[in-house]
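Reading the structure
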Amino acid sequence: EDWYRRLHLVIHANAVSLMQAIRLGQKAMSSQDDQNLIHSLQDITAWLMDCCKFMDTEFESKDSQSEPLMMSRLRKFVGTSEFVEEEENTRLWVYNMGSSVLLP
């Protein structure tokens, strides 16, 4: 899916700023620097908000006609045959686990 590739390209292209904010927060916690910890959390929040805005825009313009095909392909990798509710389990896995390094 084109939107899926675009999403991951944007996430990974902007990951440097997120990693910097996380590292700042780690250093701030180890040195008990409250101001830098707050700054780090604000940067992380801003990064996540930007990602959410991007995803909202992508999903609003996404053509959902290809979703059944995508789910049938995805099910081979994440679905299980242990449960009768395989389709429901696949949806839950996609929602809860995802496949991005940065966004679970």
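See the structure above.
Below: a short report on this structure. (Residues numbered from 1 in each chain as written. Predicted model: local features only at pLDDT ≥ 70, side-chain atom pairs only at ≥ 80, totals over all residues. Heavy atoms only, no water.)

Quick notes on the overall build of the protein chain
Across its full length, the protein chain carries five helices and zero strands. Going residue by residue from the N terminus, the α and β elements of the protein chain occur as α-α-α-α-α. Taken over 104 residues, the protein chain has a buried fraction of 20%. If you take every contact in the protein chain between residues at least 6 apart in sequence, the share linking residues at least 24 apart comes to 53%. Taken as a whole, the protein chain presents about 7900 Å² of accessible surface, with 57% of it coming from carbon and sulfur. (Helix = DSSP H or I, 4+ residues; strand = E, 2+ residues; numbered from the N terminus. Buried < 20%, exposed > 50% of the residue type's maximum accessible area, 1.4 Å probe, protein only. Contact = heavy atoms within 4.5 Å. Areas by Shrake-Rupley, 256 points an atom, 1.4 Å probe, with all protein chains shown as cover.)

Section: unusual backbone geometry
Even without being a glycine, glutamine 32 presents a positive backbone phi close to 55 degrees. One can find glutamine 32 in the loop between α2 (15–30) and α3 (34–61). Since its relative accessible area comes to 68%, glutamine 32 is described here as exposed.

Looking at the side chain of serine 40
Within the element layout of this structure, serine 40 appears in helix α3. For serine 40, a relative accessible area of 1% translates into the label buried. Sequence-distant contacts of serine 40, defined by excluding residues within four places in its chain, comprise Ala21, Ile22, Leu24 and Gly25.

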